[in-house]
Amino acid sequence: MTMSGPYTVKVEEARPATAHKPSAGPVYRCIYAKDGLLECPAALESPWQFFSDTAKRIPNSPMLGRRKLTGDKGGPYIWLTYQEAYEAAMRFGSAIRSRDVNPGQRCGIYGSNCPEWIIAMEACASQAITFVPLYDTLGANAVEFIINHAEVSIAFVQENKIPAILSCLPRCSSNLKTIVSFAKISSTQKKEAEELGVSCFSWEEFLQSGSLDCELPPKKKTDICTIMYTSGTTGEPKGVVLSNEVIMTEVLSIDQLFEITDKGRSEEDIYFSFLPLAHIYDQTMENYCIYKGCCIGFWQGDVRYLMDDIQELKPTMFCAVPRVYDRIYTGISNKISSGGLLSKKVYEFAYNYKLSYLEKGLPQDKAAPRLDNLVFSKIRQALGGRLQAMFSGAAPLPRHVEEFLRVTSGTPITQGYGLTESCGGCFTSMANVFPMMGTVGVPFTTIEARLESVPEMGYDALSNLPRGEICLRGNTLFSGYYKRPDITEEVVVDGWFHTGDIGEWQPNGAMKIIDRKKNIFKLSQGEYVAVESIENIYLQCPLIASIWVYGNSFESFLVAVVVPDRKALEDWATNHLYESVDFKSLCKNTKARKYILDELNSTGQKHKLRGFEMLKAVHLEPTPFDIERDLVTPTFKLKRPQLLKHYQNQIDELYSEAKGPKV
């Protein structure tokens, strides 16, 4: 083995190109797995053991908490202990079996994060029943598809989602026989379901029908723990099959990395449950918290009260996607900008002073700790005051946001990369290791990684700056797509899972995500456009909140639909427009559109975009891209076909406008 950098080792040589395969770079492992990938111990058979062992070890410790609501006002957190949650899971597991649902069959869980979600999941685990999460934001068509495709026999459903699932029942298969509400269910809803051959229960009714004395079936590592349907930016959702062994190995690898970089977590820790449990990112983190005996506090489900929930819970761990961190960054930056000249100067001095220490590689708590107390304490308090670890995933975190959070929060932020197919994280930056800034770090200790060349995009895995499609092999990969061996074979070739993401190895062994293989298209003159990479550059323009760049092989240039930053555009309008207009009208204003277009192209020039990558016209959209209109996934990834369908008229107008009148 030869070192490839301070943090990775080479375990296999590069593969030259052949007539049928592009070249592939060397295979690398994390330095901490140089003698072998982390494996799941033989004694562990199911994630149920994580929960049951913790409940025996610390039965009276708080496990699941939610805020008591008085009207619209959130009160203190009310907690279920590990013992109380364990007894509930046992009773629900018994009740599920009484409905003739047997080990290996599928149970749907449909709703937002709450204690009931976790208890339903653990009830399934107790009985070796496969749970199938459904995003609470899914539309009726997707819910119907997943219930039918996975052959769901019983579904636990959030109370306000009962009408949605009842509307699907006439088109659902005969497998679904039981619905259990997270709370109550009306007599009218019961009757409606019963007419279709489905029994409905309130949470309390179903709990009381179960027993603590139910015998638990044997479990195997190879049993299917969960089928997680990817939200998907195109086509029907795909069911990613994850075994017990894969889930447990991922949890153990998270624990190992914590021990290496952060001295580990314990039952003293409090995790803020905010990202959807139906997504693998939060799912693995909450399984890890259960394994360690941490407290899990749930948000109210309303983004308006997100910061209020954080300040009440005072978490030590927090996971989010870049969009959330960017909002925090923007909000705090605006407050700093509106302060007096002296306070801004003090802040700038403190920021640059602390940054210089972090750049030298000092740990977070050793880099100018006095400045944390004197200058940055209010920012830390806004995040609860006890935060010890922040995590970012699902999309690249802009470097300036990562840098800002490291400097001002006094808390390490770990950026990672993963997919549902890799059971969540497969790369991670090492907390307190500054040279990994702007990257997703190194492979998990369960995974080997290599880059495969993508000649049509100009990416060469064997060049001095290795670039190519990220391919993975190891112990936390999925078993395949449920009932879809055809598409499984497309992405798993010779034992390597092809992620579709383009990476670039850094000299220190860290990986940087630079592009997406699927998000490329050719313009009419033959130029390839890596649209996601271009969007990430344009997003650095402070005047915009979101952007969707569009082009096709029949046109020679790009256009975009842009969601402007409301305050920034309104501030500009105050100084440049004579009349007073509302934000919606402002987005239609010709001068405002030109201003945004010019600023975007200025950002593009600054980052050396090529001429054909510049924008010729933009449509300003006052309403953010949202899940309700099916324009983004639950993790805020753009759904490009849906965006095109929604904005087709505006796109046609932009091309017509940019080409000018026909002569």
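In this text the structure is predicted, and so the values were computed from the model without any measurement.

Asks: Would you mind going over the overall build of the protein with me for this structure?
Replies: For the protein, the helix and strand inventory stands at 21 helices and 30 strands. In terms of overall dimensions, the protein is globule-like: its C-alpha atoms have a radius of gyration of 26 Å, near the 26 Å expected for 663 residues. When its C-alpha atoms are laid out on the principal axes, the protein stretches across 75 × 65 × 60 Å. In the protein, which comprises 663 residues, the proportion classed as buried is 57%. Pairs at least 24 residues apart make up 67% of the contacts formed inside the protein by residues separated by at least 6 positions. Here the protein holds 72 positive side-chain charges and 78 negative ones, and the gap between their average locations is 4 Å.

Asks: What am I meant to see in the pairing of strand E6 (residues 106-110) here?
Replies: Taking burial as the measure, the five residues of E6 include five buried ones, the bulk of the element. With burial as the criterion, each face of E6 is covered, one bearing Arg106, Gly108 and Tyr110 and the other bearing Cys107 and Ile109. As paired strands, E6 and strand E8 (residues 152-157) are joined by five bridges and run parallel to one another. The residue of E8 that forms the bridge with Arg106 is Val152. Relative to strand E7 (residues 130-134), E6 runs parallel, the two being bridged by five bridges. Note on E7: the bridge partner recorded for Arg106 is Thr130.

Asks: What am I meant to see in the nonpolar core here?
Replies: A general trend in soluble globular proteins is that nonpolar side chains are found buried together. Membership of the largest hydrophobic core comes to 128 residues, with the highest contact counts inside it found for Phe156, Tyr325, Phe427 and Leu472. With nine residues, the top contributor of residues to this core is helix H2 (residues 82-98). Setting aside residues no more than four positions away along its own chain, Leu472 makes contact with Leu419, Ser422, Cys426, Phe427, Ile447, Glu448, Ala449, Leu477, Gly495, Trp496, Phe497 and Thr499. If you look at the next biggest cluster of nonpolar residues, it comprises 32 residues, including Ile596, Leu600, Leu609 and Met614.

Asks: Got a minute to help me understand the packing of aromatic side chains in this structure?
Replies: Here a ring pair, both rings aromatic, is described through the centre-centre distance and the interplanar angle of the planes. Inspection of every chain in the model, using the stated rule, returns 33 aromatic pairs. Judged by centre distance (6.1 Å) and plane angle (55°), the rings of Phe51 and Tyr86 are tilted. Of this pair, Phe51 sits in helix H1 (residues 48-57) while Tyr86 sits in helix H2, and the two are 35 residues apart along the sequence. On the numbers, 5.2 Å between centres and 20° between planes, the contact of Phe258 with Tyr288 is stacked.

Asks: Explain the side chain of Glu448 here, please?
Replies: Along the chain, the position of Glu448 falls in strand E20 (residues 447-452). Here the side chain of Glu448 touches Arg29 through a polar contact of 2.7 Å, side chain to side chain. Setting aside its immediate chain neighbours within four residues, Glu448 contacts Val11, Val27, Tyr28, Arg29, Leu37, Cys471, Leu472, Arg473 and Trp496.

The rules we used
- Residues numbered from 1 in each chain as written.
- Predicted model: local features only at pLDDT ≥ 70, side-chain atom pairs only at ≥ 80, totals over all residues.
- Heavy atoms only, no water.
- Helix = DSSP H or I, 4+ residues; strand = E, 2+ residues; numbered from the N terminus.
- Rg over C-alpha atoms; globule rule 2.2 N^0.38 Å.
- Buried < 20%, exposed > 50% of the residue type's maximum accessible area, 1.4 Å probe, protein only.
- Contact = heavy atoms within 4.5 Å.
- Lys, Arg positive; Asp, Glu negative; His and termini not counted.
- Charge placed at Lys NZ, Arg CZ, Asp CG, Glu CD.
- Pairing = 2+ DSSP bridges.
- Core = buried A, V, L, I, M, F, W, Y, C linked by side-chain atoms within 4.5 Å.
- Phe/Tyr/Trp six-rings, centres within 6.5 Å; stacked < 30°, edge-to-face > 60°.
- Polar contact = N/O pair within 3.5 Å; in protein donor to acceptor, adjacent residues only side chain to side chain.

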